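So you can see what is in the structure, the chains are spelled out below.
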Amino acid sequence: MLDCAIIGGGPAGLTAGLYATRGGLKNVVLFEKGLPGGQITQSSEIENYPGFFDHTKSGMDFMDNWQKQCFNFGLEHRMDEVLQIQKDGENFSIQIAGKDPVSTKSVIVCTGSTPKRAGIVGEDKFFGRGVSTCATCDGFFYKNKEVAVLGGGDTALEEAYYLSNICSKVYLIHRRDSFRAAPSTIQRVQNKENIEIVLNTTVTQILGDDMGVNSILLKDKNGSETKLEISGIFVFVGHNVNNSVLKTSENNFLCDVNEQGQVIVNLKMHTSLEGLFAAGDIRIDAPKQVISAAGDGAVAALEVISYLQERS
Ligand code: FAD
Ligand code: NAP
């Protein structure tokens, strides 16, 4: 029987693991289906985490030390995909792909979020063959080529800037006339000579052949259509929360969630179900930042320690 199962090894899960084990819990397992680090490892840069001030380092570099530190006090990583969390009396049963279930007294869900698809014709067909959601992973394939970036948030603008240092030209295509990204990021993008900003425009189709993407169809606010020849398109149109582990066999949720499927927690990261906590991007009103995900993870772990002390 585990004291605590942590599901997801991004900033929230890793920090929860650090605080739980350093706080004295003995049997704490972090279930992370891939390598720990979370979605920030896909980022080309991080400039808003206090104490980390090196623009030449990527999100992957940034998370490197987290893993060393967070596993230093006995946290165990199992590279497993959790399928479902079930309530089992006052405990929980963690259902794992291809393995026996694991019993635990408490759970912290930190499964984060996943990039959304824009729903464009051709997007699924060419995914991985010219359509990407990760500039640091795939940008190099487009060295000295022309690419498009879709979206108007922080991710789209930061990644457009990153790509502009690799690609010959980046078309930044946004459906409205103003961006959601931070003002400093917008300015940096506006000042980059090989980024062409295309506003009030949608991508209606992604076209290609056996070799992959070769062009996209654009429609502006007046309805005029143009074809743009590019080698790849990077889609950054937001994220969906990864809440499937909380779905019951009856297709309900194990705890309360809002309309977007985000887990409802209080300020102590308690969900509506005793012994079940949630932290990071998966929770309601998450600022979707590394620093807040880490803060949530710390709060959740401290609450787990109190919960187990009260239970015993
Ligand atoms: P995540 O980082 O999403 O981690 C969740 C983990 O859970 C993943 O590793 C996933 O593999 C695992 N998982 C999911 N489901 C399961 C399952 N069923 N079983 C086992 N494991 C599972 N924030 C900033 O503060 N500054 C930035 O500069 C910044 N830049 C960003 C750039 C990009 C390109 C992106 C995508 C995000 C950026 N963010 C940035 C946001 C930041 O990365 C997130 O807010 C943060 O990573 C959320 O942490 P998390 O631990 O809640 O979830
Ligand atoms: P986001 O802020 O939700 O932005 C998504 C963008 O995609 C919006 O501009 C949206 O347009 C557009 N969009 C949505 N659906 C679309 C569609 N079907 N077709 C075309 N465009 C579409 O997502 P994000 O940029 O990934 O950021 C997610 C969160 O992480 C945010 O809270 C962000 O601040 C945070 N983040 C922070 C940093 C940082 O701090 N440096 C970096 C990356 C991410 P509209 O604007 O018209 O809605």
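Colleague: Give me the lowdown on the overall build of the protein chain, citing residues and values where you can.
Modeller: Helices and strands together make up the secondary structure of the protein chain, namely six helices and 18 strands. Expected size for 312 residues packed as a compact globule is a radius of gyration near 20 Å; at 21 Å, the protein chain falls within 12% of this value. With the C-alpha coordinates of the protein chain rotated into their principal frame, the extents come out at 65 × 45 × 35 Å. Taking all 312 residues of the protein chain together, 50% fall into the buried category. At a minimum sequence separation of 6, the contacts of the protein chain that also span at least 24 residues come to 61%. For the protein chain, the separation between the mean place of its 29 positive charges and that of its 37 negative charges on side chains is 1 Å.

Colleague: Residue-level account of the site of ligand 1, with values.
Modeller: With respect to spatial proximity, 32 residues lie near ligand 1, and among them E32, N48, V82, D281 and V290 are the closest. Between ligand 1 and the protein, one listed contact pairs an oxygen atom with a side-chain N or O atom of Q289 at 3.1 Å. At a separation of 2.9 Å, an oxygen atom of ligand 1 approaches a polar backbone atom of V290. Bound to the protein, ligand 1 loses 92% of the 1000 Å² it would expose on its own. For the shell around ligand 1, the elements supplying multiple residues, two or more each, are α1 (11-22), α4 (154-164) and α6 (290-311). The residue inventory of the shell around ligand 1, partitioned by class, reads ten nonpolar, 14 polar and eight charged.

Colleague: Can you tell me about the site of ligand 2, naming the residues and giving the values?
Modeller: Around ligand 2 lies a shell of 19 residues, among which N48, D154, E158, R176 and R180 are the nearest. Here an oxygen atom of ligand 2 sits 3.5 Å away from a polar atom, N or O, in the main chain of G153. Take R176: an N or O atom from its side chain is 2.7 Å from an oxygen atom of ligand 2. By residue number, the principal contributor to the shell around ligand 2 is α4, which donates three residues. Here the shell around ligand 2 is composed, by residue class, of four nonpolar, nine polar and six charged. Mapping the shell around ligand 2 onto the domain boundaries places at least three of its residues in each of domain 1 (4-115 + 239-311) and domain 2 (131-235).

Colleague: Describe the packing of aromatic side chains, listing the residues and the values that go with them.
Modeller: Per the stated rule, a full pass over the model turns up seven aromatic pairs. Between the aromatic rings of F52 and F62, the centroid separation amounts to 4.7 Å while the plane-to-plane angle is 70 degrees, which identifies the pairing as edge-to-face. Taken together, the residues span a long stretch of sequence, with F52 in the loop between β2 (28-31) and α2 (59-70) and F62 in helix α2 at a distance of ten residues. With relative accessibility at 19%, the residue F52 sits in the buried group. Ring centres 6.2 Å apart and planes at 70 degrees place the aromatic pair F277 and Y307 in the edge-to-face group. Of this pair, F277 sits in strand β18 (residues 276-278) while Y307 is found in helix α6, placing the two residues 30 residues apart along the sequence. Taking relative accessible area as the criterion, F277 reaches 1% and is therefore assigned buried. Given a relative accessible area of 11%, Y307 falls into the buried group. Three or more aromatic residues link up through ring pairs in this structure, and these residues are Y49, F52, F62 and W66. One cation-aromatic arrangement involves K87 over F92; the distance from NZ or CZ to the ring centre is 4.3 Å.

Colleague: Explain the pattern of salt bridges to me, and be specific about the residues and the numbers.
Modeller: Under the defined criterion, the tally for this structure stands at nine salt bridges. As a salt-bridge pair, R117 and D124 come within 2.9 Å of each other at their nearest N and O atoms. R117 gets classed as partly exposed once you look at its relative accessible area, which sits at 42%. Of the charged contacts in the structure, one is a salt bridge between E196 and K169, with a shortest N-O distance of 2.6 Å. Of this pair, E196 sits in strand β12 (residues 195-198) while K169 sits in strand β11 (residues 169-173); the two residues are 27 residues apart in sequence, bridging distant segments of the chain. For E196, a relative accessible area of 35% translates into the label partly exposed. Judged by its relative accessible area of 22%, K169 falls in the partly exposed class.

The rules we used
Residues numbered from 1 in each chain as written. Chains lettered and ligands numbered in written order. Predicted model: local features only at pLDDT ≥ 70, side-chain atom pairs only at ≥ 80, totals over all residues. Heavy atoms only, no water. Helix = DSSP H or I, 4+ residues; strand = E, 2+ residues; numbered from the N terminus. Rg over C-alpha atoms; globule rule 2.2 N^0.38 Å. Buried < 20%, exposed > 50% of the residue type's maximum accessible area, 1.4 Å probe, protein only. Contact = heavy atoms within 4.5 Å. Lys, Arg positive; Asp, Glu negative; His and termini not counted. Charge placed at Lys NZ, Arg CZ, Asp CG, Glu CD. Near = heavy atom within 4 Å. Polar contact = N/O pair within 3.5 Å; in protein donor to acceptor, adjacent residues only side chain to side chain. Areas by Shrake-Rupley, 256 points an atom, 1.4 Å probe, with all protein chains shown as cover. Nonpolar A, V, L, I, M, F, W, Y, C, P; charged D, E, K, R; others polar. Domains from an automatic or database assignment. Phe/Tyr/Trp six-rings, centres within 6.5 Å; stacked < 30°, edge-to-face > 60°. Lys NZ or Arg CZ within 6 Å of the ring centre and 35° of its normal. Salt bridge = Lys/Arg side-chain N within 4 Å of Asp/Glu carboxyl O.

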